[in-house]
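# Summary of structural features
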Amino acid sequence: MDTASEAEIREQTTQRLEKAMGTFGTAALTSMEEQLPWFRRMPPDQRSWIGLVAQAGIAAFVEWFKSDERTRPAIAGEVFGTAPRELLRSIKLHHTIDMIRVIIEVVETRLGELAAPGGEAQLREAILRYTRDVAFGAAQVYARAAETRAAWDARLEALVVNAVLRGEVDDGMHSWAAALGWTSKPVTVIAGYTPEDEEPEVTIDQMQLAARRARADVLAGVHGHRVIVVVGGDADPMEAARPIAAKCGPGPVVVGPKVGDLYDSTKSAQAAVAGLRAAAGWPDAPRPVPATELLPERALDGDAAARRYLVEGVYNPMLAAGAPLLDTLTTYLEQGSSLEATARLLFVHPNTVRYRLRRVTELTGLSPTDGRNAFTLRIALVLGRFAARPPRA
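Scope of this entry: the structure provided in the associated data block. (Residues numbered from 1 in each chain as written. Predicted model: local features only at pLDDT ≥ 70, side-chain atom pairs only at ≥ 80, totals over all residues. Heavy atoms only, no water.)

It is worth spelling out the pairing of strand 3 (residues 226–232) at this point. When you tally the buried positions in strand 3, you get six out of seven residues, the bulk of the element. Examined bridge by bridge, strand 1 (residues 187–193) and strand 3 share seven bridges and lie antiparallel to one another. What sits directly across from Gly192, in strand 3, is Val227. With seven bridges joining them, strand 2 (residues 217–223) and strand 3 adopt antiparallel strand pairing. The residue bridging Val218 from the neighbouring strand is Val231, located in strand 3. (Buried < 20%, exposed > 50% of the residue type's maximum accessible area, 1.4 Å probe, protein only. Helix = DSSP H or I, 4+ residues; strand = E, 2+ residues; numbered from the N terminus. Pairing = 2+ DSSP bridges.)

Turning next to unusual backbone geometry. Cis peptide bonds are those with omega within 30 degrees of zero, and the linkage from Arg287 to Pro288 qualifies with 0°. Along the chain, Pro288 falls in the loop between helix 12 (265–278) and strand 5 (289–290). Unlike most non-glycine residues, Ser337 shows phi in positive territory, near 65°. Assignment of secondary structure puts Ser337 in the loop between helix 15 (323–334) and helix 16 (339–346). Despite not being glycine, Phe347 has its phi angle at roughly 60°, a positive value. Mapped onto the elements, Phe347 comes out in the loop between helix 16 and helix 17 (350–364).

Attention now moves to the nonpolar core. In this structure, Leu17, Met32, Phe61 and Leu123 are the most contacted members of the largest nonpolar core, which totals 33 residues. For this core, the secondary structure elements donating two or more residues are helix 1 (3–35), helix 2 (37–40), helix 3 (44–66), helix 6 (93–109), helix 7 (111–114) and helix 8 (120–166). No other element matches the nine residues that helix 3 contributes to this core. Residues Ile228, Val230, Val254 and Ala272 belong to the second largest nonpolar core, which totals 28 residues. (Core = buried A, V, L, I, M, F, W, Y, C linked by side-chain atoms within 4.5 Å.)

This brings us to empty space enclosed by the protein. Sizing a probe to match a water molecule and rolling it over the atoms shows the empty space that remains. Throughout the structure, instances matching the rule amount to two cavities of 30 Å³ or more. Surrounding the second largest cavity, Pro186, Val187, Thr188, Val231, Gly232, Gly233, Asp234, Ala235, Pro237 and Ala240 form its lining. For the lining of the second largest cavity, the secondary structure elements donating two or more residues are strand 1, strand 3 and helix 11 (237–245). In terms of residue class, the lining of the second largest cavity is made up of six nonpolar, three polar and one charged. (1 Å grid on protein atoms, 1.4 Å probe; cavity = no way out; pocket = protein on both sides within 12 Å on 5 of 7 lines; lining within 4 Å. Points joined across faces, edges and corners; volume = space filled by probe spheres on them. Nonpolar A, V, L, I, M, F, W, Y, C, P; charged D, E, K, R; others polar.)

The following block contains the structure:
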């Protein structure tokens, strides 16, 4: 077959395609109705849009078939440009492939009728090339949509984390979190430092991957050199923090207290951030470390919440228990944690000192015989006395 005859056959086949084009869309929809269960379940308006997409695909094929290879239009724009953006959320990529397959079958069943004599192979090859280009075009459309969605989700996630840090946790912020699929409670906030020479997006991706492996939900954001991670779920906060800490950069990783839900998450976030700032005062702190373990450093660093807790949650219960308890604790700490020296100075039996120290532990949860707890109790005593001092004249 010479070049002239190939061109003539192509022209004759094009004419046949243009005449039959009007029936293709209906035939394709009928076939989809019969073969695709997901299509039958769709509402009428969406089926109508799919019909337009199928019709556009057939029309684009006819235009593509008769045009020169150098001037052929972009498939994705011709076929998918007729569909509204909302359709991408309703039709998955594999559904689109199903549509393409059904349309190919409709065309192939009429191949002998559509192709001019001697042009069957020419039309079959054109169908294969065209559907390949359509498949690639569909993949590009869905990939761009996924990238856009991912970028929007990342911005929304950053807004939620910012709102948590600023204490602007309201119904609007909850709507943002819900848009990200967040339904978890209770909540814990973790603060650490970003890895060196790593892009923020990579850091957040690593945090999310680590959380998914630990079966926890996370919202993460990078703020300067800090990374803030909001963790949701019933998992133990320290267990959930360990895989996340492994993805943080050098330095401390501080775990805020567990709170009931996202509305209270600011309390956990403030404690975690204050602990991260104050952790320099305890170089040997474990990693991760609960923010409550850093109460003395946070108090010395000016954290009002830590100071308030040490006064109200540690000093005041001992004060309410009576002066002998405070006197015993003060003397015990000043005497280098010596039972005998404390007993001698207070003119009591060592067992009395033991009993009072046990009462301190019962009231505060802190054991005076533990070096770290003793440091916390000493800071609480000082802050309690500050709070009890009379105002200056």
